[in-house]
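Listed here are the chains, written in short residue letters.
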There are 2 protein chains.
Amino acid sequence: MRVGYLQFNPRFGEVEENVRRALALLSGEEADLWVLPELFSTGYHFTSPQEARALAEPVPSGPTTQALLAWAGERGCHIAAGLAELAPEGVYNSAVLVGPQGLLLLYRKAHLFWREKENFLPGDTGFQVAEVGGVKVGLMVCFDHLFPEAARTLALKGAQIIAHPANLVLPGVAQLTTRVRALENRLYLVTANRTGEERRGGEVLRFTGQSQIVSPQGEVLASSTPQAEEAVVCEIDPELARQKRINPYNDLLSDRRLDLYFR
Amino acid sequence: MRVGYLQFNPRFGEVEENVRRALALLSGEEADLWVLPELFSTGYHFTSPQEARALAEPVPSGPTTQALLAWAGERGCHIAAGLAELAPEGVYNSAVLVGPQGLLLLYRKAHLFWREKENFLPGDTGFQVAEVGGVKVGLMVCFDHLFPEAARTLALKGAQIIAHPANLVLPGVAQLTTRVRALENRLYLVTANRTGEERRGGEVLRFTGQSQIVSPQGEVLASSTPQAEEAVVCEIDPELARQKRINPYNDLLSDRRLDLYFR
């Protein structure tokens with residue numbers, strides 16, 4: 001199976017151009033599953049809930065999801081991507097998984113970071129998994145990486161690959177945590193981060209790139225620099241992620257001592 | 001507060017000599033809290049439950065705990081150390097926390113690794129915390145590091161420092177996971193690993209050293225090579241580990257979405 005990420009610098013508010021340019025960057029490579037950054041079509045740094053609402057789109061009827069669906073249908077591939085979702089009750093920082101069959105997953109970000117709490121509703125969908133060519137793929141978004149319960153929940157639901165759209169600002173942190181999420185759950189993790197900066201409302205946010213694909217052993221199989229805009233693809237064996245037994249005595253899921261844990 | 005670890009190569013079965021030598025290695029340094037390796041007084045590689053039983057000791061009446069208690073009493077310090085515990089129902093891979101007041105904690109290893117499952121009973125005490133000079137210290141042992149629920153449970157019980165006696169054989173893994181445990185729970189983590197090798201029952205186990213002290217930001221404050229036998233001390237500010245708020249919007253414990261997690 002070929003999985004890839006797009007590391008990409010969207011221009012704030014230019015949805016049509018961002019979607020067009022993202023798909024153009026993917027066109028030179030082939031993958032069965034692509035992961036795009038968080039909020040890849042709008043940009044990140046909303047300064048009010050009203051601004052988020054003005055750029056958000058319903059899923060799957062909005063133009064971003066429709067463009068992803070059309071592209072996935074033409075190419076026969078799957079895409080996980082983050083976008084601002086307009087729902088009747090408000091706006092979510094969401095991610096979709098789409099394929100030739102249509103929309104497979106809608107995930108609304110559970111752990112909102114910093115001012116996202118002002119501009120988005122907290123996610124209510126939970127951590128979900130869908131099959132892509134017989135392989136179970138789960139979604140989490142950016143800051144979810146710092147909460148081990150998120151990746152653990154996806155692993156318990158059978159995820160072999162976690163697609164992780166991100167807009168990371170802290171250098172080096174998620175590059176470490178995602179290796180450990182992969183190791184402790186024995187699954188692949190594909191982090192698609194963005195690059196560039198956004199100067200809005202008197203504040204500058206710098207995004208840190210360094211997207212990566214990590215193996216169930218926690219090895220970095222592919223990665224990017226902090227700045228490059230690029231599509232990177234890696235051949236993986238998702239069967240390895242079914243095996244939670246790490247030696248004849250230990251299984252990373254069934255060895256857990258639920259009788260002794262607090263939550 | 002000064003915390004330290006002893007990286008040390010015990011000789012299998014030579015309990016009296018191991019205890020004497022471990023305390024001698026500590027004598028050149030001063031610390032408020034010392035962490036010694038897992039099974040530091042017996043060695044690790046038991047080939048049968050009978051062999052483990054023959055070397056195990058009751059806690060706190062056995063000679064290893066008594067020697068630690070005496071030394072802690074003389075020096076006015078605290079010691080966390082791993083040892084084989086003889087209980088009426090069998091033998092546990094345990095850790096104690098002792099101080100001038102006496103035995104503060106007895107922890108029985110929850111996640112047994114590899115053949116430990118043949119030679120020890122699974123721990124039944126759960127993850128516990130006690131106060132050392134007003135600072136909350138929790139215990140976990142070796143393989144517990146790979147289960148995020150262990151450190152999380154200690155953090156939820158208020159641990160500011162996790163004392164982590166270990167006998168690690170996989171190079172580099174715990175050095176990564178313990179940084180992430182510290183980061184995701186905002187606490188200090190002191191891993192005391194052993195060195196050397198044990199050839200027993202036709203098998204060779206090589207221990208990997210690289211003990212380390214990690215900050216609540218996941219930085220490595222002190223570390224050792226794979227081979228050195230040494231006592232290493234570091235000044236830390238345990239108040240930093242009370243603060244789970246990482247910015248005005250996010251708190252790493254209260255932001256958790258228990259409504260969305262599986263366990």
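Residues numbered from 1 in each chain as written. Chains lettered and ligands numbered in written order. Predicted model: local features only at pLDDT ≥ 70, side-chain atom pairs only at ≥ 80, totals over all residues. Heavy atoms only, no water.

Re the interface of chain A and chain B
Note on interface size: it is often stated as the accessible area lost on association of the parts.
And then number 1: In this complex, chain A contributes 45 residues to the contact, which on the side of chain B involves 45 residues.
And then number 2: For the pair chain A and chain B, the summed buried surface comes to about 4400 Å²; carbon and sulfur atoms form 64% of the total.
And then number 3: Summed over the three residues of chain A that lose the most area to chain B, namely A:Tyr249, A:Tyr261 and A:Arg263, the buried surface amounts to 18% of that side.
And then number 4: At the surface where chain A touches chain B, the tally comes to 8 salt bridges.
And then number 5: One salt bridge connects B:Glu184 with A:Arg181, and the closest N-O pair in it is separated by 2.6 Å.
And then number 6: Counting across the chain A and chain B interface gives 30 residue pairs in polar contact (both at pLDDT 80 or more).
And then number 7: At the level of secondary structure, the elements contributing two or more residues to the side of chain A that touches chain B comprise helix 4 (116-119), helix 5 (148-156) and helix 6 (173-185) of chain A.
And then number 8: Class assignment of the residues belonging to the side of chain A that touches chain B gives a composition of 24 nonpolar, 7 polar and 14 charged. (Contact = heavy atoms within 4.5 Å. Buried area = accessible area lost by both parts, 1.4 Å probe. Salt bridge = Lys/Arg side-chain N within 4 Å of Asp/Glu carboxyl O. Polar contact = N/O pair within 3.5 Å; in protein donor to acceptor, adjacent residues only side chain to side chain. Helix = DSSP H or I, 4+ residues; strand = E, 2+ residues; numbered from the N terminus. Nonpolar A, V, L, I, M, F, W, Y, C, P; charged D, E, K, R; others polar.)

Here's the deal with the pairing of strand 4 (residues 90-99) of chain A
Residues and elements named next belong to chain A.
And then number 1: For strand 4, the buried fraction is high: 10 of the 10 residues fall into the buried class.
And then number 2: One ladder, built from 9 bridges, connects strand 3 (residues 78-87) with strand 4; its direction is antiparallel. Paired with leucine 83 across the strands is serine 94, a residue of strand 4.
And then number 3: Taking the residues between adjacent antiparallel strands as the criterion, strand 3 and strand 4 are bridged by 2 residues. (Buried < 20%, exposed > 50% of the residue type's maximum accessible area, 1.4 Å probe, protein only. Pairing = 2+ DSSP bridges.)

Remarks on unusual backbone geometry
All names here are of chain A.
And then number 1: Cis peptide bonds are those with omega within 30 degrees of zero, and the linkage from valine 59 to proline 60 qualifies with 5°.
And then number 2: Of note in the backbone geometry, glutamine 210 takes a positive phi value of approximately 55° without being a glycine.
And then number 3: Within the secondary structure, glutamine 210 sits in the loop between strand 11 (203-206) and strand 12 (212-214).

Nothing here speaks to function; it is geometry throughout.
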